[in-house]
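A structural walkthrough
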Amino acid sequence: MLNHKILLTLLLIVLTLTACGTAQTADPDTPPDSSAQTPATSIFEATVIEAAEHTILVEPVPGSAELNSADRISVPLRDDMTFQTGDLVEITYNGEIMESYPAQLGEVHEITLIQSASETAPPETDPEADTEAPQTEADHEWDRIPMVMVNDKLYYDTGRESTIEMRCGNMDGEITSSVDGTQIPTQNNESNFGSGFGFQYGSEEDTIEVYMNEKWIVFEYREGADE
């Protein structure tokens, strides 16, 4: 009987040592895998074709991968950013391009001015020399910042995503018609970036929030901007 107890004790010791021997521990000399911690980023250059207070509308430069996805991209600005039409900028973002027109970027990390429009402006000409050809309306036509008309008021894309977490499940309205991206909507529930998008009135005064690409984008009314 004693021999059986001794054998059983020895067997338990062997099993314990075997389990300990197979346990894996991290090597302190092995650096951590940083690939899973570093977010993916993409960088492209673009020309500013329209500048507003909170957003810029840009066109990616020829040869960029972003130009294959969209020829017009609306980019949100921080309060300390100011650009003008014709500026060449470099945009760093998370690589996500949302399917709208103009397109929008998932998350913008940085916008850097590469060349100011004033640096590439043509030299001044003699004001007395009347050699300039008359300009037509088509010369001034460009794609505009996304906007929508609701209750006879134009709401402009701010480029900001809503921070509201709890909201009513019912829409206050829907964008039912659209015009070309170069035009300004003239009818209620009409936009220049597409139709079929639902919207709710925003928590901030004179704002609506449009649901597209699984995100709520804030649009704001700008008094006098549509005059």
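The paragraphs below set out a description of the structure included in this document. Quick caveat, the model's predicted, so the values are computed rather than measured.

Side note on the overall build of the protein chain
Assigned secondary structure in the protein chain consists of 2 helices and 15 strands. Taking the contacts inside the protein chain whose residues are at least 6 apart along the sequence as the reference set, 60% of them involve residues at least 24 apart. Accessible surface computed for the protein chain: about 14,800 Å², of which carbon and sulfur atoms make up 49%.

Things to note about the pairing of strand β1 (residues 42-51)
The two faces of a sheet get side chains in turn, since along a regular strand they alternate between them. Direction of pairing for β1 relative to strand β4 (residues 88-93): antiparallel, over a ladder of 6 bridges. Each residue of the ladder has a partner; that of Thr47, found in β4, is Leu88. Counting the residues in the hairpin turn of β1 and strand β2 (residues 55-60) gives 3 residues.

Some remarks on the sheet that holds strand β12 (residues 190-191)
Taking strand neighbours across the sheet as the criterion, the 8 strands line up as β10-β13-β14-β15-β9-β8-β12-β11 in an open arrangement whose pairing is mixed. Each edge of the open sheet carries a strand with a single partner, namely β10 (173-174) and β11 (177-178). Note that strand β8 (residues 147-150) and strand β9 (residues 153-161) share 4 bridges and pair antiparallel. Bridge pairing links Met147 to Tyr156 in β9.

Considering the nonpolar core
Counting residues in hydrophobic clusters, the biggest one holds 17 residues, and the most contacted among them are Val58, Ile73, Val75, Phe83, Ile91 and Ile111. Those elements giving two or more residues to this core turn out to be β1, β2, β3 (73-76), β4 and β6 (103-105). Sequence-distant contacts of Val58, defined by excluding residues within four places in its chain, comprise Ala46, Thr47, Val48, Ile49, Asp71, Arg72, Ile73, Val75 and Ile91. Formed by 12 residues, the second largest nonpolar core is a distinct cluster that contains Ile175, Phe193, Phe197 and Val210.

Concerning the packing of aromatic side chains
The full count for this structure, using the stated rule, is 6 aromatic pairs. Ring geometry for Phe193 against Phe197: centres 5.8 Å apart, planes inclined by 35°, an arrangement best described as tilted. Judged by its relative accessible area of 6%, Phe193 falls in the buried class. Ring centres of Phe199 and Tyr201 lie 6.3 Å apart, and the angle between their planes is 80°; this geometry places the pair in the edge-to-face category. Residue Phe199 is classed as buried on the basis of its relative accessible area, which comes to 1%.

Concerning the sheet that holds strand β7 (residues 108-115)
The strand order across the open sheet built from 7 strands is β5-β6-β3-β2-β1-β4-β7, with neighbouring strands paired in mixed fashion. Every other strand in the sheet has two partners, leaving β5 (97-98) and β7 as the edge strands with one partner each. Here 4 bridges tie β2 to β3, and the two strands are oriented antiparallel to one another. Following the sheet pairing, Val58 is matched in β3 by Ile73.

Structural notes on the side chain of Thr92
Within the secondary structure, Thr92 sits in strand β4. For Thr92, a relative accessible area of 13% translates into the label buried. Those residues in contact with Thr92 that lie beyond four places of it in its chain are Thr41, Ser42, Ile43, Val108, His109 and Glu110.

Looking at the pattern of salt bridges
This model, assessed by the stated rule, comprises 6 salt bridges. One salt bridge in this structure joins Arg78 and Asp80, with 3.3 Å as the shortest N-O distance. The partner of Arg222 in a salt bridge is Glu220, with the nearest N and O atoms 3.2 Å apart. A residue is classified by how much of its surface remains accessible, and Glu220, at 15% relative accessible area, is buried.

A word on the environment of Leu105
Position of Leu105 relative to the elements: it lies in strand β6. The exposure class assigned to Leu105 is buried, which follows from its relative accessible area of 6%. Along the backbone, Leu105 and Gly159 are 54 residues apart, and their C-alpha atoms lie at a distance of 9.1 Å. Excluding residues that lie within four positions of it along the chain, Leu105 makes contacts with Phe44, Ile73, Ser74, Val75, Ile91, Tyr93, Glu96, Ile97 and Met98.

Some details on the environment of Pro185
You can see Pro185 is positioned in the loop between β11 and β12. For Pro185, a relative accessible area of 1% puts it in the buried group. When the C-alpha positions of Pro185 and Asp152 are compared, they lie 10.0 Å apart, and in sequence the two are 33 residues distant. Once residues lying within four places of it in the same chain are set aside, the contact partners of Pro185 are Met147, Val148, Met149, Leu154, Val179, Glu190, Ser191 and Asn192.

Rules used throughout
- Residues numbered from 1 in each chain as written.
- Predicted model: local features only at pLDDT ≥ 70, side-chain atom pairs only at ≥ 80, totals over all residues.
- Heavy atoms only, no water.
- Helix = DSSP H or I, 4+ residues; strand = E, 2+ residues; numbered from the N terminus.
- Contact = heavy atoms within 4.5 Å.
- Areas by Shrake-Rupley, 256 points an atom, 1.4 Å probe, with all protein chains shown as cover.
- Pairing = 2+ DSSP bridges.
- Core = buried A, V, L, I, M, F, W, Y, C linked by side-chain atoms within 4.5 Å.
- Buried < 20%, exposed > 50% of the residue type's maximum accessible area, 1.4 Å probe, protein only.
- Phe/Tyr/Trp six-rings, centres within 6.5 Å; stacked < 30°, edge-to-face > 60°.
- Salt bridge = Lys/Arg side-chain N within 4 Å of Asp/Glu carboxyl O.

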